[in-house]
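# Chains, contacts and geometry: an overview
Each chain, letter by letter, is given below.
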Amino acid sequence: MSSLKGRSVVLGVTGSIASYKAADIASKLNQAGALVDVILTPAAQEFVSSLTFRSLTHRPVVTDMLDADSELAVEHVALAERADVVLIAPATANTIAKLAYGFVDDAITATVLATTAPVVIAPAMDAKMYQSAVTNENIKRLEDRGYLFVGPGVGNLASGLTGPGRLVDTADILNAISDSVSSTKDLEGLRIVVSAGGTEEAIDPVRHITNRSSGKQGYGIAQAARDRGAEVTLISAPTALAPVDGVNMVNVTSARTMLDAVQDACEGADALVMAAAVADWEPAEFAQQKMKKVKGQDRLVLELKKTPDILFEVRNEALIKVGFAAESEDLIANATDKLQNKNLDFIVANDITASDAGFNVDTNRVVILDKSGGREDLPLLLKEKVGDHILDRIKLIKAEANK
Ligand code: PMT
């Protein structure tokens, strides 16, 4: 289930006797490392409480599309935008019918209509309702549009009947959404190099200069590229993160060791995404022995020299080059300078003064500036999702170049 780690799953729960089973689904998704946002229809709230889901997911629960107090409800379009997959479990015949005809009267139908993410539907209803011609037509209509159905299972139903209509097991639902998340292999054949983390510039054997980068942004991009089928090399400065499975991990420390690793990895690569926070300065001299405190000395001047600019130095004419700009002021002007000076295809500017973006958080809010003067402001997104936007652009540039 590693494909769900860091993924944004919107779980829509509709009103059914099986609604209580959605708590197990939310819990298992959470354990698999997914970020789970639960939406309960008014009918679902007759069966289960939002408190259950809030406790399991540690996130606000959307209970009403028009609830002004809910952070997510007013942002249901943002929820649709950041979802990697929308799961409706259990899905009643009524919700399936509304989706089939594009009706929007609750936060689930609004989210589904506004999302481009895969939608997985796990029906639960009485056998006769499931077998009715109209429900069959509605399901067929949605399947033809690419919605994925898992189940229903066959067995004893709440109505006393036996037949199809049971919500399938949590394991089957998790497998279905895991497959749907990792099924788009649109970057197969591309070699992508990503850098991450903050470099460490040694002063002496025990001290170094570094910065606040956690590596989360770079690791998120590497993970998204891997999931989409790219061959990924992740060049990582020291971080506290677990290595990303299925990518070539190269561990480095300083700007200079990162330069060597990037140059090696970029031979024959299609794109380089420099999400690392690379030190601009390193100590002019490395002290071979631990620097001692000198009695009576209350100041120390450390001389620094410039590090090589990796993005500028890397040589591969065909390489698509993507930079990041971490700015605390004049975001657009500073990022534009870097875009031009480093000769990049595009740059991803993040305002590091916001508490939910930039360093050491799971989300980021970025502006993408390209070399033709284009600008795209993205909403607050998980860092993997920011990665998807970057990868979409790389794919487009590559396709243009291959024409
Ligand atoms: O790691 P996280 O905690 O998730 O935080 C993410 C982040 C804020 C570190 C990331 O999103 C980010 O903004 N990375 C770039 C930070 C930075 O150092 O920006 P810069 O403005 O100093 O450099 C501009 C670009 O040049 C960057 O792509 C950088 O990797 C690159 N660079 C910088 C210096 C250097 N010597 N060589 C370079 O190639």
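Here's what I pulled together on the structure shown here.

### Some points on the site of the ligand
- Close contacts around the ligand come from 29 residues, with Ser 213, Ser 214, Lys 338, Asn 350 and Asn 360 the closest.
- The contact in question runs from an oxygen atom of the ligand to an N or O atom on the backbone of Ala 276, over 2.7 Å.
- Here an oxygen atom of the ligand sits 3.4 Å away from a polar atom, N or O, in the main chain of Gly 358.
- No other element matches the four residues that strand E16 (residues 320-327) contributes to the shell around the ligand.
- In terms of residue class, the shell around the ligand is built from 13 nonpolar, ten polar and six charged.

### Notes on the packing of helix H5 (residues 93-101) against helix H8 (residues 133-144)
- Closest axis-to-axis distance for the H5/H8 pair is 9 Å, and the angle between their directions is 50 degrees. One finds that H5 runs oblique with respect to H8. When you trace H5 past H8, the crossing you get is left-handed. Two secondary-structure elements touch here, H5 through Ala 93, Ile 96, Ala 97, Leu 99, Ala 100 and Tyr 101 and H8 through Thr 135, Asn 138, Ile 139, Arg 141 and Leu 142.
- Here the contact of H5 with H8 is built from residues that sort into eight nonpolar, two polar and one charged.

Calculation rules
- Residues numbered from 1 in each chain as written.
- Predicted model: local features only at pLDDT ≥ 70, side-chain atom pairs only at ≥ 80, totals over all residues.
- Heavy atoms only, no water.
- Near = heavy atom within 4 Å.
- Polar contact = N/O pair within 3.5 Å; in protein donor to acceptor, adjacent residues only side chain to side chain.
- Helix = DSSP H or I, 4+ residues; strand = E, 2+ residues; numbered from the N terminus.
- Nonpolar A, V, L, I, M, F, W, Y, C, P; charged D, E, K, R; others polar.
- Axes fitted to C-alpha atoms, helices over the stretch in contact; angles between N-to-C directions.
- Parallel < 35°, antiparallel > 145°, perpendicular 65-115°, else oblique.
- Left-handed = near helix turned anticlockwise from the far one by under 90°.
- Contact = heavy atoms within 4.5 Å.

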